[in-house]
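Take a look at the letters that make up each chain.
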Amino acid sequence: IYKYALARIPKEKAQDLFSQYSRFEKRFGDRRGVENVVVGKRRFQYEEEVKANPTNYDAWFDLLRLTEEDSSADAVREVYERAIANIPPSNEKRHWRRYIYLWIFYAMYEELVAEDVDRAREVYKACLEVIPHRHFTFAKVWLMAAELEIRQHDLTTARRLLGNGIGRCPKDKLFHGYLELELQLREFDRCRTLFSKFLEFNPANCTTWVRFAEMETLLGDVSRARSIFELAIDQQLLDMPEVLWKAYIDFEIAQEETENARQLYCRLLERTRHVKVWLAFAQFEARESAEKARDIYRRAEKALRSQDAEVEERVMILEAWNRFEELYGDSESQAAISRRLPKRVKKREANGDERFDYLFPEDRDFNPNIKLLQMAHVWKLNQMTDGDEDGSE
């Protein structure tokens, strides 16, 4: 009687009846009956939540998870169809992020649980038709649809899907996924085409340039790899130029082209005088000649001093130079660099705060303020001396 009534009375009017049914099952029912009541109560709660707010996708996930546990495939499909019918009201991607997972879970359910590949394929197809690709896309859906076809040993359809996705809405993640597929299949001509298309779409992506050159290096085409690096460093805008230059220099070192690597360091220093470039250049030269490395340290210290670089950068160069001399220098060169090391002093700001600063011995000869202070200090000492003499008289 309870079940008959609950099946026919509207849910919004059956709350009290449901509570009485729960108490009845707990008193007279078996464990299975009690569990059914608890599940039914939770299902009732989730149904009310999605009814009040159809775009509450978290409630849909809870309802779907509950339905998958104890319902037939048709019942699960019916809930999925109800859920995906609630398309987000706006074309802002942030409103679609949770919704799109309803489609993904639906497709995974069809393939893995229901074991119906054709239905899974149709779910992906419908999902790709729903997404407003003119505004944004989800590379994950394209890739998962292609992976489904790969598992069915249908490479042609998988490639067609990925090519269609790149053509309609190119994204870095889509290119990476397609490239990974072709690399695993050892289709290097296709990889070259994809790398070219990728770099036409996003020439600032340093990682892609490096991967392209690395592939050519592995294939033994060193001249092509070098040409790719040259094209890359000539780009006006790069997202991580330090990664690209380091990869190019490491490439030349691996090819035992020492002079090429040296020229690359010089070209890089024409574009930036960053302290890490100077340090890397000096370490590179130290492999072959201590005198060449010492010359790089001299040039670095002079350049940083002349361009009013940060104090910490000059300190880094001098400390690295000092460590270098301890390893490779003689007593004279070690003493010379020791005299150039800065002195760490504590200074008090106008507001009373204290901070540490560095005084460089060489700067005393170039800083007129220091000379003025020294002259004032000497004058004060002379005045005090004259005063003492007058008092004694």
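The structure presented is a predicted model; accordingly, all values stated were derived computationally and were not measured.

Criteria and thresholds
Residues numbered from 1 in each chain as written. Predicted model: local features only at pLDDT ≥ 70, side-chain atom pairs only at ≥ 80, totals over all residues. Heavy atoms only, no water. Helix = DSSP H or I, 4+ residues; strand = E, 2+ residues; numbered from the N terminus. Buried < 20%, exposed > 50% of the residue type's maximum accessible area, 1.4 Å probe, protein only. Contact = heavy atoms within 4.5 Å. Areas by Shrake-Rupley, 256 points an atom, 1.4 Å probe, with all protein chains shown as cover. Phe/Tyr/Trp six-rings, centres within 6.5 Å; stacked < 30°, edge-to-face > 60°. Core = buried A, V, L, I, M, F, W, Y, C linked by side-chain atoms within 4.5 Å. Axes fitted to C-alpha atoms, helices over the stretch in contact; angles between N-to-C directions. Parallel < 35°, antiparallel > 145°, perpendicular 65-115°, else oblique. Left-handed = near helix turned anticlockwise from the far one by under 90°. Expected span 1.5 Å × (residues − 1). Arc of directions from axis to C-beta. Polar contact = N/O pair within 3.5 Å; in protein donor to acceptor, adjacent residues only side chain to side chain.

**Overview of the overall build of the chain**
Next up, step 1: Of regular secondary structure, the chain possesses 21 helices and two strands.
Next up, step 2: Across the 393 residues in the chain, those meeting the buried criterion constitute 37%.
Next up, step 3: The long-range share in the chain, meaning contacts at least 24 apart out of those at least 6 apart in sequence, stands at 44%.
Next up, step 4: Accessible surface for the chain amounts to roughly 24,200 Å². Of this, 50% is attributable to carbon and sulfur atoms.

**A look at the environment of F198**
Next up, step 1: As for its position among the elements, F198 is in helix 12 (residues 188-201).
Next up, step 2: Classification of F198 as buried rests on a relative accessible area of 0%.
Next up, step 3: Distance in space between the C-alpha atoms of F198 and P170 is 8.6 Å, their sequence separation being 28 residues.
Next up, step 4: The contacts of F198, once residues within four sequence positions are left out, are D172, F175, H176, L179, N205 and T208.

**Structural notes on the side chain of N86**
Next up, step 1: Secondary-structure assignment places N86 in the loop between helix 5 (73-84) and helix 6 (93-96).
Next up, step 2: In this structure N86 comes out as buried when scored by relative accessible area, which is 17%.
Next up, step 3: With residues up to four places along the chain from it excluded, the contact list for N86 reads P54, Y57, W60 and Y99.

**Let's talk about the packing of aromatic side chains**
Next up, step 1: On inspection of all chains with the given rule, the structure shows 20 aromatic pairs.
Next up, step 2: Plain terms: the ring middles of Y57 and Y99 are 5.4 Å apart, the flat faces sit at 55 degrees to each other, and that makes the pair tilted. Of the two residues, Y57 sits in helix 4 (residues 57-70) while Y99 sits in helix 7 (residues 99-113), which places them 42 residues apart along the sequence.
Next up, step 3: Note on Y57: relative accessible area 6%, which makes it buried.
Next up, step 4: Both rings, one in W96 and one in Y99, keep their centres 5.5 Å apart while their planes meet at 85 degrees; by these two values the pair is edge-to-face. Each member of the pair, W96 as well as Y99, is classed as buried.

**Topic: the side chain of R262**
Next up, step 1: The residue R262 is located in helix 16 (residues 258-271) in this model.
Next up, step 2: Dropping the residues within four chain positions of it, R262 is found in contact with F281, F284, E285, E288 and K292.

**Quick look at the nonpolar core**
Next up, step 1: In terms of nonpolar packing, the biggest core is built from 99 residues, with L102, V141 and L244 touching the most fellow members.
Next up, step 2: What L244 contacts, discounting residues up to four positions off in sequence, is C206, W209, V210, F229, A232, I233 and L238.

**Focus: the packing of helix 5 against helix 7**
Next up, step 1: For the pair helix 5 and helix 7, interaxial distance at closest approach is 10 Å and the crossing angle is 160 degrees. As far as their axial angle goes, helix 7 and helix 5 are roughly antiparallel. Helix 7 is crossed by helix 5, and the crossing has left-handed handedness. Across the interface between the two elements, A73, V76, R77, Y80, E81, A83 and I84 of helix 5 pack against Y99, L102, W103, F105, Y106, Y109 and E110 of helix 7.

**Concerning helix 10 (residues 155-168)**
Next up, step 1: A rise of 1.5 Å per residue sets the reference length of helix 10, with its 14 residues, at 20 Å; its end C-alpha atoms lie 20 Å apart and thus fit the reference within 8%.
Next up, step 2: Residues of helix 10 that are buried: A158, R159, L161, L162, G165 and I166. When helix 10 is viewed along its axis, its buried side chains cluster within an angular range of 160 degrees and face the same direction. Exposed side of helix 10, more than 90 degrees from the buried face: T156, R160 and G167 are the residues found there.
Next up, step 3: Buried residues belonging to helix 10 abut helix 8 (117-130), helix 9 (139-151), helix 11 (172-184) and helix 12.

**Digging into helix 18 (residues 290-306)**
Next up, step 1: Across its 17 residues, helix 18 extends 24 Å between first and last C-alpha, which sits within 8% of the 24 Å expected from 1.5 Å per residue.
Next up, step 2: Burial in helix 18 covers these residues: A293, R294, I296, Y297, A300, E301, A303 and L304.
Next up, step 3: Those residues of helix 18 that are buried are in contact with helix 17 (275-286), helix 19 (311-328) and helix 20 (331-340).
Next up, step 4: Between the side-chain oxygen at the start of helix 18 and the backbone nitrogen of E291 there is a gap of 3.4 Å, and the oxygen is on S289.

**Structural notes on unusual backbone geometry**
Next up, step 1: Phi angles above zero are rare outside glycine, and H153 is one such case at about 60 degrees.
Next up, step 2: Phi is positive for R186, which is not a glycine, with a value near 60 degrees.
Next up, step 3: Within the secondary structure, R186 is located in the loop between helix 11 and helix 12.

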